[in-house]
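Chain residues, written in single-letter form:
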2 protein chains.
Amino acid sequence: AQDPYPSRLPEERFLPRQDKTVWSQWRPDAPLTAQQADQFDRDGFLIVKDVFSAEEIEALMAESAALRGGERELMDGSVITEPGSDEVRTVFKLPEQSPLFNRLARDRRVAGVASFLLGDEVYVHQSRLNYKPGFTGKEFYWHSDFETWHAEDGMPRMRAISASLLLTDNDALNGPLMLMPGSHKEFIACAGETPDDNHKASLKKQEVGVPSHEALTKLASRHGITAATGKAGTLVFFDCNTMHGSNGNITPFSRSNAFFVFNAMSNRLEEPFGAKKARPDFLAERGEVQALEVAAGKLV
Amino acid sequence: AQDPYPSRLPEERFLPRQDKTVWSQWRPDAPLTAQQADQFDRDGFLIVKDVFSAEEIEALMAESAALRGGERELMDGSVITEPGSDEVRTVFKLPEQSPLFNRLARDRRVAGVASFLLGDEVYVHQSRLNYKPGFTGKEFYWHSDFETWHAEDGMPRMRAISASLLLTDNDALNGPLMLMPGSHKEFIACAGETPDDNHKASLKKQEVGVPSHEALTKLASRHGITAATGKAGTLVFFDCNTMHGSNGNITPFSRSNAFFVFNAMSNRLEEPFGAKKARPDFLAERGEVQALEVAAGKLV
């Protein structure tokens, strides 16, 4: 069968999405409202406020500080630092390294929503704690996650959702996540071949697998750009193919979030579709996976 | 007499402002409302919308494109390019190179307002057309203009005002000017000695004469940060000592403005207060200057 989402081609192309965005029929016992489900379907993302209590947020922030602070022994290769500094930018493999983040990942308000939208049981494809410092926080250029996950990790179809829980207040000025609403409905097949070990460079600065200025101008003119702003505790879900990025941040206000990618059990990884070698495990879970057991009730 | 605003010292210090911000008593024939004058006094800046007609904005945008497009011969050394590219980032000496921008500088809505607020006749201390491209626009770090103008150009007192006319729509996401309201009431004496020919590096990236992270965190917590957003045609006035900067811009939307610094005739430049050699003319007018003849009515 032909790959419906070829990329890393000699020329950039816009291809229609071949997969649904919302895979379940809404029903009254769903973990989100019908309006929220429709919004996710239309925009490719959903911003949810006030779903966690102040105590829950406080506990998550304390756990995050402990993980970043060096007082906890972390798995080899699970930490990335800011270019040109020691500041921790990312800690991968959250559920494996923290009981509280493990519980968060499985929460009905998080995995429950993802599982409903994907119409399947889910597992954690990737997880990380992101920290963008004040003053020197670098930009993260526009990309569709799916483009990379398909080409470099072997994710077959568009049936995965990211959930980002804001652990700091985010406004438009401190480098928030920016999304192009509706951009998930087209796949941008990117130009250029994947270099070996691309992920080592691309985690710090994305160079391959990104759309051209022309393509991004077209998308932004058509769809506009929305910033995922909100107080700490705001939860942002976005489809694996939604075009997103973030500006740098010279304000003194740092930005942090806990990030989980949920993949449908039926969408487990195969061989990469556009690279010679799959990326390492902390970026894309490819071992034996188990469906998450969704947990209801408070975290703490 | 002792310098009231020493800087480039062994240690950073917060010093009280020794000068007024608004130097005139408001009167009914003033070129701005009493409320606007009060706002400028309190915040150190003022954002004014809808003072230019669509025709005026259109003419200014066309003139700006002509100046940046290479079709006009420009004065030696008056053009600065984006780091790592040929894109024109700045064109200096606007009134000298363009009759329309000359007229704009002298406009009652621009120079008239500055002259009223400064309680004196004014001249153009510096002028430039700024262009920050989409996708790759770099940040401009926090600084007080006066700190540099005093230390490196020999501007004696805080009696100068910048006026920036937006020539593109600016929202919070495409790297707008950010200001800290009320920050103009303190002078941050910066640490570090001025290197020779500092301006050659500082026009691309400011390294000396900038406050510490600690000082900026204190200022931002106390005053907050406001983005000068608005449609093309929005006019932003800010005091020479207001702390400001801008983030980089990965959006496709470029940002452009025409920028004039008006200095009070009574505040003409002397020898630099914190550098061995004064900066060149296109950054700080130090020749014979003439008070601007303020012009009323439409530009075109």
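Residues numbered from 1 in each chain as written. Chains lettered and ligands numbered in written order. Predicted model: local features only at pLDDT ≥ 70, side-chain atom pairs only at ≥ 80, totals over all residues. Heavy atoms only, no water.

Caption draft 1: Up close: the pairing of strand β11 (residues 235-239) of chain A. All names here are of chain A. Among the five residues that make up β11, five are buried, leaving the element largely enclosed by the rest of the structure. In this structure, strand β2 (residues 45-48) lies alongside β11, joined through four bridges in antiparallel fashion. Looking across to β11, one finds that I47 is bridged to V236. Examined bridge by bridge, strand β7 (residues 160-166) and β11 share five bridges and lie antiparallel to one another. Residue pairing for β11: A163 is matched across the bridge by F237. (Buried < 20%, exposed > 50% of the residue type's maximum accessible area, 1.4 Å probe, protein only. Helix = DSSP H or I, 4+ residues; strand = E, 2+ residues; numbered from the N terminus. Pairing = 2+ DSSP bridges.)

Caption draft 2: Examining the sheet that holds strand β10 (residues 226-227) of chain A more closely. All names here are of chain A. Strand order in this open sheet of four strands is β6-β12-β8-β10, and the pairing throughout is antiparallel. The open sheet terminates on both sides in strands that have one partner only, identified here as β6 (140-143) and β10. Of the strand pairs in this sheet, β6 and strand β12 (residues 244-246) are connected by two bridges, and their pairing is antiparallel. Looking across to β12, one finds that F140 is bridged to S246.

Caption draft 3: Geometry of the relation of the copies chain B and chain A. When chain B is fitted to chain A, the best match, at an RMSD of 0.0 Å, comes from turning it 180° and sliding it 0.0 Å along the axis. Taken together, these values place the two copies in the relation of a two-fold axis. Here 100% of the contact residues of chain B are again contact residues in chain A; the copies associate through an equivalent surface. (Least-squares fit on C-alpha atoms with pLDDT ≥ 70 in both. Contact = heavy atoms within 4.5 Å.)

Caption draft 4: Region of interest: the pairing of strand β5 (residues 122-132) of chain B. Residues and elements named next belong to chain B. A large share of β5 lies buried, amounting to 11 of its 11 residues. In this sheet, β5 lies alongside strand β4 (residues 88-92) in antiparallel orientation, the contact comprising three bridges. Opposite T90, over in β5, you have N130 as the bridge partner. In the sheet, β5 pairs with strand β13 (residues 255-264) via 10 bridges, with the strands oriented antiparallel. Among the inter-strand pairings, V124 is bridged to a residue of β13, identified as F262.

Caption draft 5: Here's a closer look at the interface of chain B and chain A. The partner chain A presents 25 residues to the 25 residues of chain B that form the contact. If you look at where chain B meets chain A, you find zero salt bridges. Applying the counting criterion to the chain B and chain A interface returns six residue pairs in polar contact (both at pLDDT 80 or more). Looking at which element gives the most residues to the side of chain B that touches chain A, the answer is helix α8 (residues 213-223) of chain B, with four residues. (Salt bridge = Lys/Arg side-chain N within 4 Å of Asp/Glu carboxyl O. Polar contact = N/O pair within 3.5 Å; in protein donor to acceptor, adjacent residues only side chain to side chain.)

Caption draft 6: Region of interest: the pattern of salt bridges. On inspection of all chains with the given rule, the structure shows 34 salt bridges over all chains. Notably, a salt bridge pairs R103 of chain A with D107 of chain A, separated by 2.8 Å at the nearest N-O pair. Looking at D107 of chain A, the relative accessible area reads 1%, which means it is buried. In this structure, R17 of chain B engages D239 of chain B in a salt bridge whose closest nitrogen and oxygen atoms are separated by 2.8 Å. Of this pair, R17 of chain B sits in the loop between β1 (13-16) and α1 (34-43) while D239 of chain B sits in strand β11 (residues 235-239), and the two are 222 residues apart along the sequence. With relative accessibility at 13%, the residue R17 of chain B sits in the buried group.

Caption draft 7: Main features of the sheet that holds strand β12 (residues 244-246) of chain B. All names here are of chain B. Across the sheet, which stays open at both edges, the four strands sit in the order β6-β12-β8-β10 with antiparallel pairing between neighbours. Where the open sheet ends on each side, the last strands, each with one partner, are β6 (140-143) and β10 (226-227). Alignment of strand β8 (residues 177-179) against β12, held across three bridges, turns out to be antiparallel. Paired with L179 across the two strands is H244, which belongs to β12.

Caption draft 8: Looking closely at the state of the cysteines. All names here are of chain A. Going through the model one piece at a time under the given rule, you end up with zero disulfides over all chains. Free of any disulfide, C190 has its nearest neighbouring cysteine sulfur in C240, separated by 14 Å. The class of C190 is buried, set by a relative accessible area of 1%. (Disulfide = S-S within 2.5 Å.)

Caption draft 9: Spatial organisation of the packing of aromatic side chains. Residue and element names in this part refer to chain B. Here the structure, examined in full by the defined rule, presents 14 aromatic pairs over all chains. Measuring from centroid to centroid gives 6.2 Å for F260 and F262, while their planes differ by 25°, and the two rings are stacked. For F260, a relative accessible area of 2% gives the class buried. Among the residues examined, F262 registers a relative accessible area of 0% and is labelled buried. (Phe/Tyr/Trp six-rings, centres within 6.5 Å; stacked < 30°, edge-to-face > 60°.)

Caption draft 10: Local environment of the environment of P31 of chain A. Residue and element names in this part refer to chain A. Structurally, P31 is set in the loop between β1 (13-16) and α1 (34-43). Given the relative accessible area of 25%, P31 is considered partly exposed. As for P31 and V110, which are separated by 79 residues in sequence, their C-alpha atoms are 9.1 Å apart. Every residue in contact with P31, bar those within four places of it in the chain, is listed here: R108, G112, V113 and F116.

Caption draft 11: The arrangement of the side chain of H184 of chain B in detail. All names here are of chain B. Tracing the sequence through the fold places H184 in the loop between β8 and β9 (186-189). H184 sits in the buried class, given a relative accessible area of 0%. Leaving out residues up to four positions away in the same chain, H184 has contacts with R17, T21, F40, D41, R42, D43, G44, M158, D239, N241 and T242.

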